[in-house]
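Take a look at the letters that make up each chain.
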Amino acid sequence: MWRLYVTLLLASIPLINGREKRSIDLIAAHGLISQERLPHDTSPSGYHLLLQPFPNDGYFEGKVKINVTIQHKTHEIVLHAHPDLVILHCNITQLIPSDEELKQANLSDPLERDLGPVPVVIESAERVRNKPLYNIVLQSPIKSGALLEVYLQFTGKLFNDSSEGLFRSSYVDPMTKETKWFVSTHMRPNMARSVFPCYDEPAFKVPIIISVARHKKMIAVSNMPLESTVPHESLRDWYWDTFKKSPVMATFSIGIVVSEFSNITFNVTADKDFRLTIWARPDFINAIQNISAKVIDAIKVLEEFWQTPYPLPKLDIFALPNYQSTRPADSWGVLLFKESELGSRCSWQIIHELVYQWLGALATPFWWSDAHINNALVLYVAAHTSLKMHECDTFYNWPMTMLYSNYYEFSKRYPYGKSSAIKQDSSSSKTELIFRMLNYTLGETTFVHGMQRFMMDRQYKTFFGDDVWLSLTEQARFDEKLPQPITINEIAASWITKDRLPVVSVTRNYEDNTANLSQKVYLRERPHDVPDQEKFLWWIPIILVTQNHLDFRNSTPITWMKRERDIQLKDLPGKDYFIIVNPEEIGPFPVNYDEKNWNMLADFLCSENRQKIPVYTRAKLLHDAWNLAYAGELNFATALNMTLFLKNEREYLVWDPVFTFIDHIGRHIDSTSAHKKFQTYVKLLLTPLYKELGNETQEEEAEDKSHLRSSSKVFLCRAGYKPCIDEAQAAFKVWMESADPDEGNPVANQYICPVFKWGTMEEWEFGLERVIKFPSTRIPSERTYLLKTLAGCPNDARKIERLLNITILEKNGNFTDNDMYLIFSMLTGGANGYTNLFNFLRKHWDAIKVRFEEKPQLWNSLVTSATTVFKTQKGLDMVSELYVEKQSEFGTADFVVERALKNIKEETKWSNENLPVIETWLDNYMKVNGVNDTQKTLNFNKDNNSTNVF
């Protein structure tokens, strides 16, 4: 149940910090790392690409002239070409003789090298089987130093079901009702090969000239400004636009748009010819013209950061209707966005794409193995720029949300599972956090100068990941921030090469004012039997703040744990003063303390002086305490004491992790006597906050306040807060009384789960009927959400049994196998769900075995959901008895139960150790605060400022 709360909460609340994951970029790039490279015998030195798209007809024609330099004697030229690209013609001309031919002709003057074009005989030109390659075999080998012109004609389809390669899309003109087509490109990471034959690898950066044919009603835009326009040689009312030669760039940086969009142009700076143009359909252009100010401000911040001017003479930004890509397209000088992205109040997305104009286009990763560090540095610089601009009031929680997800992922026994997307995003975000750590520990001046050194060295070139660390090392040594022989590469590698994070434990000796610091792998998920964990050591900066000197501005480490297991700190303050290690979450690692230091922190946070500890550090202390307790590293009473200051806390950044804590602890105790007490405690925490925030969003309200209201309301509803339940049932009643309830759902998602949990059987049956009668014309995800809540929310065993009867035993045809997978999964979210599923399996064993006899995957899914989630001795006994009773009948699910018994034993051990502590703390808290748990009355003792319940 509690897991469902968080799942549904995240589904109903937008991303808090406005940052979208770029996993598709990273997955695609990661998949290319092992791709076979093009032969190094030849390389491009320039392109002239000519494209003629026919958007109404859905295809394009093209020609390309590639200047190819022969690096080593060869009789083959291999290019990338997508299987969908039809190559119609190929011929080759030698423009400059080889080095050997020049020597034989006794031509030493470079000006004499051009002896006129010489045809090259092609023996064959064909695709390579099962590879996106086009192989041109020459009749005679060409020796090194020769310059060839490879000319190819081709044609391809303009797809409108995706926004990749060269694609088309349309919109309806509101004035004329006419369908308007436009054509655009999205080449990253390796889709240029679907548009024209080329050397589609990032290391091949060369100048490119682009010519585009378009109808006179349309306008063509590309990476560079327009140089010339001439009439088409054969089509009436068509023209060829040729754009200026580009600086050296990779094929994935090519950008082209042909449209009838309206535009507004701005002069960015007075001292140079640099124009910014915003493009959109005519009826939308006015809605986004104000983004120009933010773009110009961001460019100024980035130019200062890199100490390198924006590298092109112009920038075009497009708001594309019906743009289907999950991410913007960051061509060099041409940025493509969804209309909603440019219409958003927050411009983080725009800033993020602008960073790619320098890092990715101007300086380019040599190969896809360096895309991960490029992505991480782009994200960090985008964050830096957003903060410098004070841009977007939702950016306040960077990087905390990212840190929380990293702590969760890297503390699992098996990080990522089988998800490549999670692995790429987690690894990239961890590297981003390392850049942030280095910015603090080296000092912002040194860090930024190191980045400027890197850009100065690698602009218009390619780079490897080590080039970034080398530039930082050289700058840090120049600024005397890094002694020999230490390198930033050594520090960074200790973090980015491990799929783990450390935890630092601080044990103080209050008699001699010292402390022992030790590091080990942070493991939250049980059991903690990760192989080789003793070998994991990190370079950890130790930054210290003490109660008698609360200075959070100084981020210089007092020392480093240089891949050492233990170190000692001396000259600490006296026994009556707390210390804080890693304030402001400067390094991506949690910190544990001895009980006395934790309790001094809890007391201080509950005092009037708590604001002297900044919000990031308050959030860190709370987050660390709860996660360490969950991991078995800290007594839960101590962790719960750290929540007491929340009665006066109003920052969403601090509250954000609390909702996750409610979920995690709720899952462990919802089958125990502590469950109702915990729900009461949740209401005690959230009710004053919710009442203060009010029920309605205010005009021009900050998004953090809005999200805090939404989150607190969701969890109050789940905990049974009566005003919320009444409100939910009133909204649901409107749906039940509507003339045609299957036409649509008028109830906000946040109300559905509380109704199915706390409401009547009649309300739940109404929801079940809506799933069964769900019209095929409506959006399928609405049905999925309804089914999730039907299965995952109810407390009443009758509702769960009814759903299982109708889907499994009665074989209702309205429910698919995928529906059953979903139901089983949702029932694992709380004790009511998986206990009733287990009882249903045991009660109807024979009938279910027959039902799933030919569906072993469904059988395994049911057994997994019914047996693996128990967390107490009672649950262990239930599963053990079933296993003994039916051991020979589990079939393919036998291994599932064996694994479940092992996991339940671990969870039972955790429950035996922690649940008595949690329940005793809750009893004492309610007693101290005058709460009658039986009647659920909340009597606040305003004069009681006690912090530690024990």
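**Student:** Just checking my understanding: could you explain the packing of helix α9 (residues 400-410) against helix α15 (residues 615-630) for this structure?
**Tutor:** The geometry of α9 relative to α15 is characterised by a closest axis approach of 12 Å and an angle of 15° between their N-to-C directions. Considering their axes alone, α9 and α15 lie roughly parallel with respect to each other. The crossing of α9 and α15 is right-handed. Contacts between α9 and α15 involve Met 400, Tyr 404 and Tyr 407 from the former and Tyr 616, Ala 619, Lys 620, His 623 and Asp 624 from the latter. Per-class residue counts for the contact of α9 with α15 are 5 nonpolar, 1 polar and 2 charged.

**Student:** Looking at this model, I keep getting lost on the pattern of salt bridges. Mind explaining?
**Tutor:** A pair can form between side chains of opposite charge whenever their charged atoms are brought close. Evaluated as defined, the whole model comprises 46 salt bridges. Close ionic contact of Glu 444 with Lys 388 constitutes a salt bridge, the shortest N to O distance being 2.9 Å. Of the two residues, Glu 444 sits in helix α11 (residues 444-458) while Lys 388 sits in helix α8 (residues 371-388), which places them 56 residues apart along the sequence. Lys 388 sits in the partly exposed class, given a relative accessible area of 44%. Among the ionic pairs, Lys 722 bridges to Asp 726, the shortest N-O distance being 2.9 Å. In this pair, Lys 722 and Asp 726 are both assigned in helix α20 (residues 722-736), 4 residues apart and thus about one turn of the helix distant. Given a relative accessible area of 37%, Asp 726 falls into the partly exposed group.

**Student:** Can you help me understand the state of the cysteines in this one?
**Tutor:** Per the counting criterion, the structure on display carries 2 disulfides. Each sulfur in the disulfide pair Cys 717 and Cys 724 lies 1.4 Å from the other. Looking at Cys 717, the relative accessible area reads 1%, which means it is buried. Covalently, Cys 753 is tied to Cys 793 through a disulfide, its sulfur atoms 1.9 Å apart.

**Student:** Can you help me understand the sheet that holds strand β18 (residues 314-320) in this one?
**Tutor:** Read from one edge to the other, the open sheet built from 5 strands follows the order β16-β17-β18-β20-β19, with strand pairing classed as mixed. The sheet is open, and its two edges are formed by β16 (262-267) and β19 (329-331), each paired on a single side. Strand after strand, the sheet turns through a mean of 15° between neighbouring axes, direction not considered. Examined bridge by bridge, β16 and strand β17 (residues 275-280) share 6 bridges and lie antiparallel to one another. Bridge pairing in β17 links Phe 266 to Leu 276.

**Student:** In this structure, what is going on with the sheet that holds strand β10 (residues 179-186)? I would like to understand it.
**Tutor:** Paired through backbone hydrogen bonds, the strands of a sheet run either parallel or antiparallel to each other. The 4 strands are arranged β9-β10-β15-β12 in an open sheet whose pairing can be described as antiparallel. Since the sheet does not close on itself, it has two edges, and those belong to β9 (165-172) and β12 (219-222), each with one partner. Direction aside, neighbouring strands of the sheet carry axes that sit 15° apart on average. Note: β10 against strand β15 (residues 256-259), 2 bridges, orientation antiparallel. If you follow Val 183 over to β15, its bridge partner there is Val 258.

**Student:** Could you clarify how one ought to interpret helix α14 (residues 595-605) in this entry?
**Tutor:** One turn of an α-helix holds 3.6 residues; hence residues three or four places apart share an orientation. α14 sits mainly inside the fold: 8 of its 11 residues count as buried. Of the residues making up α14, those classed as buried are Asn 597, Trp 598, Asn 599, Met 600, Leu 601, Ala 602, Phe 604 and Leu 605. Looking at the buried positions of α14, the neighbouring elements they touch are β23 (502-509), β29 (579-581), β30 (591-593), α15 and α16 (636-641).

**Student:** What am I meant to see in the side chain of His 623 here?
**Tutor:** Structurally, the position occupied by His 623 is in helix α15. Apart from the residues lying within four places of it in its own chain, the contact partners of His 623 are Tyr 404, Tyr 407, Pro 657 and Phe 661.

**Student:** Any chance you could explain the nonpolar core here in plain terms?
**Tutor:** The nonpolar side chains of a soluble globular protein tend to be buried, and buried together. Grouped together as the largest cluster of nonpolar side chains are 229 residues, with contacts concentrated most on Phe 196, Leu 315, Ile 317, Tyr 593 and Leu 686. In this view, Leu 315 contacts Phe 274, Arg 275, Leu 276, Thr 277, Val 295, Ile 299, Tyr 310, Gly 333, Val 334, Leu 335, Leu 354 and Gln 357; residues no more than four positions away in its chain are not counted. Of all hydrophobic cores here, the second largest spans 59 residues; its members include Phe 756, Phe 815, Phe 824 and Phe 870.

**Student:** I tried to follow the packing of aromatic side chains on my own but got confused; where do I start?
**Tutor:** Aromatic rings considered in pairs are described by the distance between their centres and by the relative angle of their planes. A complete count under the given rule lists 48 aromatic pairs for this structure. Both rings, one in Phe 274 and one in Tyr 310, keep their centres 4.6 Å apart while their planes meet at 10°; by these two values the pair is stacked. Taken as a pair, Phe 274 in the loop between β16 and β17 and Tyr 310 in the loop between α5 (291-306) and β18 lie far apart in primary sequence, 36 residues in all. Given a relative accessible area of 3%, Tyr 310 falls into the buried group.

**Student:** Honestly, the packing of α5 against α11 in this entry has me stumped. Any pointers?
**Tutor:** A pair of packed helices is captured by two measures, namely the crossing angle of their axes and the spacing between those axes. Packing of α5 against α11 leaves a shortest axis separation of 8 Å and a crossing angle of 85°. In terms of orientation, α5 lies roughly perpendicular with respect to α11. Across from Glu 304, Phe 305 and Trp 306 in α5, the residues of α11 making contact are Val 448, Met 451, Gln 452 and Met 455. Of the residues in the contact of α5 with α11, the class split is 5 nonpolar, 1 polar and 1 charged.

**Student:** When you look at unusual backbone geometry in this model, what are you seeing that I'm missing?
**Tutor:** As a rule of thumb, non-glycine residues mostly have phi less than zero, and peptide bonds are mostly trans rather than cis. Omega for the bond connecting Arg 188 with Pro 189 falls within 30 degrees of zero, at 0°, which places this linkage in the cis form. Within the secondary structure layout, Pro 189 lies in the loop between β10 and β11 (208-215). The omega torsion of the bond from Arg 526 to Pro 527 falls at -5°, within 30 degrees of zero and hence cis. Tracing the chain through its elements places Pro 527 in the loop between β24 (514-521) and β25 (539-542). Even without being a glycine, Tyr 460 presents a positive backbone phi close to 60°. With respect to the element layout, Tyr 460 can be found in the loop between α11 and β22 (461-463). Even without glycine at this site, Asn 513 takes up a positive phi of about 55°. Classification of Asn 513 by relative accessible area gives partly exposed; the value is 27%.

**Student:** How do you make sense of the pairing of strand β8 (residues 147-157) when you look at a structure like this?
**Tutor:** Regular strands place their side chains on alternate faces of the sheet. Most of β8 sits inside the fold, with 8 of its 11 residues counted as buried. Here 11 bridges tie strand β2 (residues 59-70) to β8, and the two strands are oriented antiparallel to one another. Along β8, the bridge assignment pairs Asn 67 with Glu 149. As paired strands, strand β4 (residues 86-96) and β8 are joined by 9 bridges and run antiparallel to one another. Bridge pairing links Ile 96 to Leu 147 in β8.

**Student:** Hey, could you run me through helix α28 (residues 856-867) in this one?
**Tutor:** Over its 12 residues, α28 runs 16 Å from end to end, which matches the ideal 16 Å to within 8%, given 1.5 Å per residue. Extensive coverage of α28 is indicated by the burial of 9 of its 12 residues. Looking only at α28, the buried set comprises Leu 858, Trp 859, Asn 860, Ser 861, Leu 862, Val 863, Ser 865, Ala 866 and Thr 867. Check the buried side of α28 and you find it contacts α24 (797-809), α25 (817-827), α26 (831-843), α27 (845-851), α29 (873-886) and α30 (894-928).

**Student:** Please clarify how the side chain of His 232 should be interpreted in this entry.
**Tutor:** Mapped onto the secondary structure, His 232 falls in the loop between β13 (226-231) and β14 (238-243). Taking the relative accessible area as the measure of exposure, His 232 reaches 10% and is therefore buried. In this structure, His 232 is in contact with Gln 52, Ala 213, Trp 238, Tyr 239 and Trp 240, ignoring residues within four places of it in sequence.

Rules used in this analysis
- Position numbers for residues start from 1 in each chain and track the written sequence from start to end.
- Per-residue local features are limited, in this predicted model, to residues with pLDDT of at least 70; the limit for side-chain atom pairs, both in listing and counting, is 80 or more; totals at the level of whole chains, interfaces and linings are taken over all residues.
- Hydrogens and waters are ignored; side-chain quantities use all the structure's heavy atoms.
- A fitted line through C-alpha atoms serves as each axis, taken over the contacting stretch for helices, and the angle formed by two N-to-C directions is quoted from 0 to 180°.
- Every helix listed is a DSSP run of H or I at least four residues long, and every strand listed is a run of E at least two residues long, numbered separately from the N terminus.
- Throughout this description, any angle smaller than 35 degrees is read as roughly parallel, any larger than 145 degrees as roughly antiparallel, any in the 65 to 115 degree range as roughly perpendicular, and the remainder as oblique.
- Left-handed describes a crossing in which the near helix is turned anticlockwise from the far one by less than a right angle; the clockwise case is right-handed.
- Working rule for contacts: check all heavy atoms of both residues, and any pair within 4.5 Å makes them a contact.
- Any residue that is not Ala, Val, Leu, Ile, Met, Phe, Trp, Tyr, Cys, Pro, Asp, Glu, Lys or Arg is counted as polar, Gly included; the first ten are nonpolar and the last four charged.
- Criterion for a salt bridge: a side-chain nitrogen of Lys or Arg within 4 Å of a carboxyl oxygen of Asp or Glu.
- Each residue is assigned to one of three classes by its accessible area relative to the maximum for its type, calculated with a 1.4 Å probe on protein chains only: buried under 20%, partly exposed between the two thresholds, exposed over 50%.
- The disulfide criterion is simple: two cysteine sulfur atoms within 2.5 Å.
- Two strands are said to pair when DSSP picks up at least two bridges between them.
- Residues belong to a common nonpolar core when they are buried Ala, Val, Leu, Ile, Met, Phe, Trp, Tyr or Cys residues joined through side-chain atoms within 4.5 Å.
- Pairs were defined over the aromatic rings of Phe, Tyr and Trp, the Trp ring being its six-membered one, requiring ring centres within 6.5 Å. Orientation was assigned from the angle between planes: stacked under 30 degrees, edge-to-face over 60, tilted for the rest.
- By this rule the span expected of a helix is its residue count minus one, scaled by 1.5 Å.

Structural measurements only, silent on function.
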